[in-house]
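# Remarks on the overall topology
The lines below spell out each chain.
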Amino acid sequence: MNRVTLTRGDALLIVDVQKDFLPGGTLGVAGGDLLIPAINQTIERFRQADLPIYASRDWHPLRHCSFQEQGGPWPPHCVAGSPGAGFADNLDLPPDSQIISKATDIRNDAYSAFDHTSLASRLQALGIRRLFICGLATEFCVLSSTTDAIKSGFTTLVLGDAIAAIENQAGDGARAIDTMKRAGATIISCSNIGT
Ligand code: VGL
Ligand code: ZN
């Protein structure tokens, strides 16, 4: 992949880089912590270009329907306001980043940062045309946010070296990347982003 030059109309979406999704968290993704330097470098590029940065967070009520105790698939994670729901300590989110809380309804899960949030309208209001996506987890919230971004009409680039998969089944991450490509996403590396 050739160099991608950042321009007006670009935005960065960092998906769910929260403590519970990092090693040691209640739903830790192996290697999730290793993405943070590349994400920080990308944040710095967007910041220098004065382009908007969005950070989504899984923000569940206590006893959310996705938790095993309620019959869901997941251990309790990212309970709104809990330490585990906080962004990674070493994630250098600028103070003017836009935070998108999702899956806040006790009865519904929502993997996509676009699902029942104001993200699409906020991006459209700013004239965003191209969205760069990174974060966790590849086959759940990154995949779902990516396909929704494409459906909403954004040119969508996924930072392949700044995503990590849960891999409940071996190969889930690779299959998700394939699905994103077939949906129309371009996979790039953080080091391809220039200003
Ligand atoms: C996620 C599982 C459950 C994610 C959220 O952010 O990918 N995965 N909730
Ligand atoms: Zn969740």
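So, here's what we can say about the structure. (Residues numbered from 1 in each chain as written. Chains lettered and ligands numbered in written order. Predicted model: local features only at pLDDT ≥ 70, side-chain atom pairs only at ≥ 80, totals over all residues. Heavy atoms only, no water.)

## Considering the side chain of Thr 146
Position of Thr 146 among the secondary structure elements: in helix H3 (residues 138-151). Leave out the neighbours within four places in its chain, and Thr 146 touches Ile 133, Thr 156, Val 158, Met 180 and Ala 185. (Helix = DSSP H or I, 4+ residues; strand = E, 2+ residues; numbered from the N terminus. Contact = heavy atoms within 4.5 Å.)

## Quick word on the sheet that holds strand S2 (residues 10-15)
Across the sheet, which stays open at both edges, the six strands sit in the order S4-S3-S2-S5-S6-S7 with parallel pairing between neighbours. A single partner strand is all that each edge strand has here, and the edge strands are strand S4 (98-102) and strand S7 (186-188). Taking the axes of each pair of neighbouring strands and ignoring which way they run, one obtains an average angle of 25° across the sheet. Both strand S6 (residues 155-164) and S7 contribute to a ladder of three bridges, which runs parallel. Within the sheet, the bridge partner assigned to Leu 159 lies in S7 and is Ile 188. (Pairing = 2+ DSSP bridges. Axes fitted to C-alpha atoms, helices over the stretch in contact; angles between N-to-C directions.)

## Considerations on the pairing of S2
When you tally the buried positions in S2, you get six out of six residues, the bulk of the element. Across the two faces of S2 the burial is the same, with Asp 10, Leu 12 and Ile 14 and Ala 11, Leu 13 and Val 15 all buried. Across six bridges, S2 lies against strand S5 (residues 130-136) in parallel orientation. By the bridge assignment, Val 15 is partnered in S5 with Gly 135. At this point the chain moves from S2, through helix H1 (residues 36-48), to the parallel strand S3 (residues 53-58), and the crossover so formed is right-handed. (Buried < 20%, exposed > 50% of the residue type's maximum accessible area, 1.4 Å probe, protein only. Right-handed = clockwise from strand over helix to strand, strands pointing away.)

## So, the site of ligand 1
Every residue lining ligand 1 is accounted for by Asp 16, Phe 21, Asp 58, Trp 74, His 77, Tyr 111, Leu 136, Ala 137, Phe 140 and Cys 141. In the environment of ligand 1, an oxygen atom lies 2.7 Å from a nitrogen or oxygen atom belonging to the side chain of Asp 16. Between ligand 1 and Cys 141 there is a distance of 3.1 Å, counted from an oxygen atom to a backbone nitrogen or oxygen. Protein coverage of the free-state accessible area of ligand 1, which is 260 Å², stands at 100%. Residues of the shell around ligand 1, tallied by class, amount to seven nonpolar, one polar and two charged. (Near = heavy atom within 4 Å. Polar contact = N/O pair within 3.5 Å; in protein donor to acceptor, adjacent residues only side chain to side chain. Areas by Shrake-Rupley, 256 points an atom, 1.4 Å probe, with all protein chains shown as cover. Nonpolar A, V, L, I, M, F, W, Y, C, P; charged D, E, K, R; others polar.)

## Topic: the coordination of the zinc ion (ligand 2)
The textbook angles at a metal center are 109.5 degrees for a tetrahedron of four donors and 90 or 180 degrees for an octahedron of six. Coordination of the zinc ion (ligand 2) by the protein is provided by Asp 58 (OD), His 60 (NE2) and His 77 (NE2), with metal-donor distances spanning 2.0 to 2.2 Å. Note that the zinc ion (ligand 2) binds four donor atoms; their angles at the metal cover 86 to 172°, and the shape is irregular. (Donors = N, O, S within 2.8 Å, 3.2 Å for Na, K, Ca; no water. Tetrahedral: all angles 85-135°; square planar, octahedral: opposite > 155°, others 65-115°.)

## Considerations on the pattern of salt bridges
Taken as a whole and assessed by the stated rule, the structure comprises nine salt bridges. In this structure, Asp 10 engages Arg 130 in a salt bridge whose closest nitrogen and oxygen atoms are separated by 2.8 Å. Pair noted here: Asp 10 is in strand S2 and Arg 130 is in strand S5, with a separation of 120 residues, a long-range link. Asp 148 serves as the salt-bridge partner of Lys 151, at 3.8 Å between the closest nitrogen and oxygen. Of this pair, Lys 151 and Asp 148 both sit in helix H3, separated by three residues, roughly a single helical turn. (Salt bridge = Lys/Arg side-chain N within 4 Å of Asp/Glu carboxyl O.)

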